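Remarks on the overall topology
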Amino acid sequence: MSPVLILIFLPLLAAAAIGLIPGIKNGVARNIALLTHFAMAALAVTLFVQYDQNPANADGVFYAFQKDWVPTLGIQMYLGMDPLNAAMLLMSSIVCFTAVACSDNVKERPRTYYLLLSLMSAGVVGAFSSFDVFSFYFFHELALVPTFILIGGWGAGPQRKYASYKLTLYLTGGALLALAGIIALYLHSNATSFSFFAILAAVADSPMSESTQNWIFPLLLIGFGVLVSLWPFHTWAPLGYGHAPTGVAMIHAGALKKFGLYALLRLAIPALPLGSENWASLLVILCLGNLVLVGLAAMRQKQLHMLIGFSSVAHMGFVFMGLVAYNHIGVTGALLVMVAHGFLAALSFGLAGALRSFSPDLDMTKMGGLLKQAPYLGTALGIAFFAGCGVPGFANFAGEVLIFFGAWGHVESFALVLAVWSGLVIGGVYMLRAFRNVLHGPVSEKWSTLPDISGTSRFAINLLIGALVFFGVLPGTITQKAQISINGLVQQLEKGRSSQDAVLDAPHRDALTPNLAQIQK
């Protein structure tokens, strides 16, 4: 059996055991979920380290599992690991484990909670391990249904049901729009199956006309963009995360939200090179909306969990900036930020959840002195604030630097300067102001009995911090492994443009842009 298939079966096994074993106690249900998710994370780490030491199939996929699902339509269950999804599977598995570990404050119907959370984990890992468009889409929907139930049933705040419905309606609408784009892409590509590789090979052999690409690409861009909280389709995200239970916010913001970005990187942009180029100016404007306008909205937040939610949305602008650069460095930086943001979002929402389990009111103007009252929690929260600012030493900084280098000469100078300014100034203001209000000053009477983090939650927080630092100090652990796939995608993008006499705006860009090896050196 493929190890990647085991990776998906482990959380499904946990869900089945919790749901089917009669008379199972709540504590046992948590232990089952915790142990299976720990095994999933450990397996993902092992596979990430060793996958390229094993034989790959003709598509360059390791641990491949292929089985026809609907053969008459060319749909199959195609799972595995390659240089592009290896880091996403690693990050997603670790985030899912830490989400279960940080859910120790769930007291109401914990058995059902851990069953649904396990289904959500299986959907996340299944989506990132899929190489067939329909199985990719199926696993995303498998994760989305438990998300709706969990926010409505276990969320916090008086608007939790509204937040649950809004999140689900936005994501369902975006997914349906993306599905329409996927079907149109398949039909116009003349591919023999819904495999990523089959579709990309078909459009490489017989590129679609520019007019066809121009109407298919926006379907995928907006559809997947909604799933990523691309401005102005982002309003579901801060509200949904602000009212979601801790584990759900960690998994969705940390892992599941990257589904749309991954789909754009893996399929939409390389398959529709002329369409992506023609819509690039609009995408730059939208990603600046994330960086600037959502960043300014984050500055106005008083509730800590809402600040983290808006900050999470704002950071997606960096990834879109890397993708719109359409070169090796920018795309590599986008992948690294996707991984880094996954760890950071899980860390931030995990810490906010620990505070919220003590008091539902996280008004930062009424907090203070938490670094003294709860030294570990305060230190970890300070680390999250600094990582969110892009401080060197964390994986976020390494990815953002690559994005800025990649965008140089490929994006309008004004847009690039504005993006850098928003990251340095706007992000610095709201993060450092939160650092001052929450961690320093006299201890508020309301928080004078706050206990520090301990147990499995502490282990999970340490793991997330360790991952941010490790990939910040050694980003090549991810970037070097991913280069084979990224090179292939960028080459197909360039080939698709040149095959129809697409002229680049600046032929001398490569001379202006340092190559990846120089930057890593």
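Residues numbered from 1 in each chain as written. Predicted model: local features only at pLDDT ≥ 70, side-chain atom pairs only at ≥ 80, totals over all residues. Heavy atoms only, no water.

**Some remarks on the overall build of the chain**
Our working definition: Numbering of helices and strands runs from the N terminus; a helix is a DSSP stretch of H or I covering at least four residues, while a strand is a stretch of E covering at least two. Computation of the radius of gyration draws on C-alpha atoms alone. For the globule rule, the value is 2.2 Å times the number of residues to the power 0.38. For every residue, the accessible area (1.4 Å probe, protein chains only) is compared with the maximum for its type, and the residue is labelled buried under 20%, exposed over 50%, or partly exposed between those bounds. The contact definition used throughout considers only heavy atoms, calling two residues in contact when any of these lie within 4.5 Å. For the area figures, the Shrake-Rupley method with a 1.4 Å probe applies, and any residue is considered shielded solely by the protein chains shown. Charged-residue counts in this description rest on Lys and Arg as positive and Asp and Glu as negative, His and the chain ends being excluded. Charge positions come from single atoms, namely NZ of Lys, CZ of Arg, CG of Asp or CD of Glu.
Scanning the chain from terminus to terminus reveals 23 helices and two strands. Relative to the globule expectation of 24 Å for 521 residues, the C-alpha radius of gyration of the chain, 22 Å, shows essentially globular dimensions. Taking all 521 residues of the chain together, the buried fraction comes to 61%. The long-range share in the chain, meaning contacts at least 24 apart out of those at least 6 apart in sequence, stands at 82%. For the chain, the accessible area works out to roughly 18900 Å², and carbon and sulfur atoms hold 65% of it. Computed over 26 positive and 21 negative side-chain charges, the inter-centroid distance for the chain is 15 Å.

**Let's talk about unusual backbone geometry**
Only a minority of non-glycine residues have a phi that is not negative, and only a minority of peptide bonds are not trans. Here the residue pair Trp-231 and Pro-232 is connected by a cis peptide bond, since its omega of 5 degrees sits within 30 degrees of zero. Relative to the assigned elements, Pro-232 resides in the loop between α8 (210-227) and α9 (236-243). For Tyr-63, which is not glycine, the phi dihedral falls at a positive 55 degrees. Position of Tyr-63 among the secondary structure elements: in strand β1 (residues 62-70). You can call Tyr-63 buried: its relative accessible area is 15%. Residue Ser-229 is not a glycine yet carries a positive backbone phi of 65 degrees. Structurally, the position occupied by Ser-229 is in the loop between α8 and α9.

**Some words on the nonpolar core**
Selection rule: To form a nonpolar core, buried Ala, Val, Leu, Ile, Met, Phe, Trp, Tyr and Cys residues must be joined to one another through side-chain atoms within 4.5 Å.
In this structure, Leu-185, Phe-224, Leu-304, Met-321, Phe-343 and Leu-355 are the most contacted members of the largest nonpolar core, which totals 197 residues. Looking at this core element by element, the count peaks at 18 residues for helix α15 (residues 328-358). Residues within four places of Phe-224 in sequence aside, it is in contact with Ala-178, Ile-182, Phe-259, Gly-260, Ala-263 and Leu-264.

**Comments concerning the environment of Ala-263**
Position of Ala-263 among the secondary structure elements: in helix α11 (residues 258-271). Spatially, the C-alpha atom of Ala-263 lies 9.7 Å from that of Ala-178, the residues being 85 residues apart in sequence.

**Some words on the packing of aromatic side chains**
The condition is simple: For Phe, Tyr and Trp, rings pair up if their centres lie within 6.5 Å, where Trp contributes its six-membered ring, and each pair is then called stacked (planes under 30 degrees apart), edge-to-face (over 60) or tilted (otherwise).
For the structure on display, the rule yields 24 aromatic pairs. With 5.9 Å between their ring centres and 50 degrees between their planes, Phe-136 and Tyr-262 make a pair best called tilted. Of this pair, Phe-136 sits in helix α5 (residues 133-154) while Tyr-262 sits in helix α11, and the two are 126 residues apart along the sequence. Across the pair, exposure class does not vary: Phe-136 and Tyr-262 are buried alike. For the pair Phe-148 and Tyr-165, a centre-to-centre distance of 5.2 Å together with 70 degrees between the ring planes defines the contact as edge-to-face. A residue pair is termed long-range when its members are at least 10 positions apart, and Phe-148 in helix α5 and Tyr-165 in helix α6 (residues 160-189) qualify at 17 residues.

**Considerations on the environment of Gly-275**
Relative to the elements of secondary structure, Gly-275 occurs in helix α12 (residues 273-278). Taking the relative accessible area as the measure of exposure, Gly-275 reaches 0% and is therefore buried. Along the backbone, Gly-275 and Phe-217 are 58 residues apart, and their C-alpha atoms lie at a distance of 5.6 Å. When near neighbours in sequence (up to four residues on either side) are disregarded, Gly-275 contacts Gln-213, Asn-214 and Phe-217.

**Some thoughts on the pairing of β1**
The criterion, for reference: Only strands joined by at least two bridges in the DSSP assignment are considered to pair.
Here β1 pairs with strand β2 (residues 75-81) via six bridges, running antiparallel. If you follow Lys-67 over to β2, its bridge partner there is Met-77. Counting the residues that bridge the hairpin from β1 to β2 gives four residues, and of these Gly-74 lies at a positive phi of roughly 75 degrees.

**Structural notes on the pairing of β2**
For β2, the tally of buried residues reaches seven of seven residues, placing the bulk of the element in the interior. Along β2, one buried face is formed by Ile-75, Met-77, Leu-79 and Met-81 and the opposite face, lined by Gln-76, Tyr-78 and Gly-80, is buried too.

**Here we look at the packing of α5 against α6**
Put simply, the rule is: Axes here refer to lines fitted to C-alpha atoms; in helices the fit is confined to the stretch in contact. Angles between the N-to-C directions go from 0 to 180 degrees. Oblique is the label for any angle not under 35 degrees, not over 145, and not in the 65 to 115 range, which are roughly parallel, roughly antiparallel and roughly perpendicular in turn. Residue polarity is assigned by list, with Asp, Glu, Lys and Arg as charged and Ala, Val, Leu, Ile, Met, Phe, Trp, Tyr, Cys and Pro as nonpolar; anything else, Gly included, falls into the polar class.
At a minimum axis separation of 9 Å, α5 and α6 run at an interaxial angle of 170 degrees. If you check the angle between α5 and α6, you find them roughly antiparallel. The residues of α6 that touch α5, namely those facing Val-133, Phe-134, Tyr-137, Glu-141, Leu-144, Thr-147, Phe-148, Ile-151 and Gly-152, are Arg-160, Lys-161, Ser-164, Tyr-165, Leu-167, Thr-168, Leu-171, Thr-172, Ala-175, Leu-176, Leu-179 and Ile-182. A class-by-class count of the residues in the contact of α5 with α6 yields 13 nonpolar, five polar and three charged.

**As for helix α18 (residues 395-407)**
Formally: Under the convention used throughout, the expected extent of a helix is 1.5 Å for every residue step, that is, one less than its residue count.
Between the first and last C-alpha of α18 there are 19 Å, a value that for 13 residues agrees with the 18 Å anticipated at 1.5 Å per step. Residues of α18 that are buried include every one of Ala-395, Asn-396, Ala-398, Gly-399, Glu-400, Leu-402, Ile-403, Gly-406 and Ala-407, and no others.

All quantities given are derived from atomic positions and should not be read as evidence of function.
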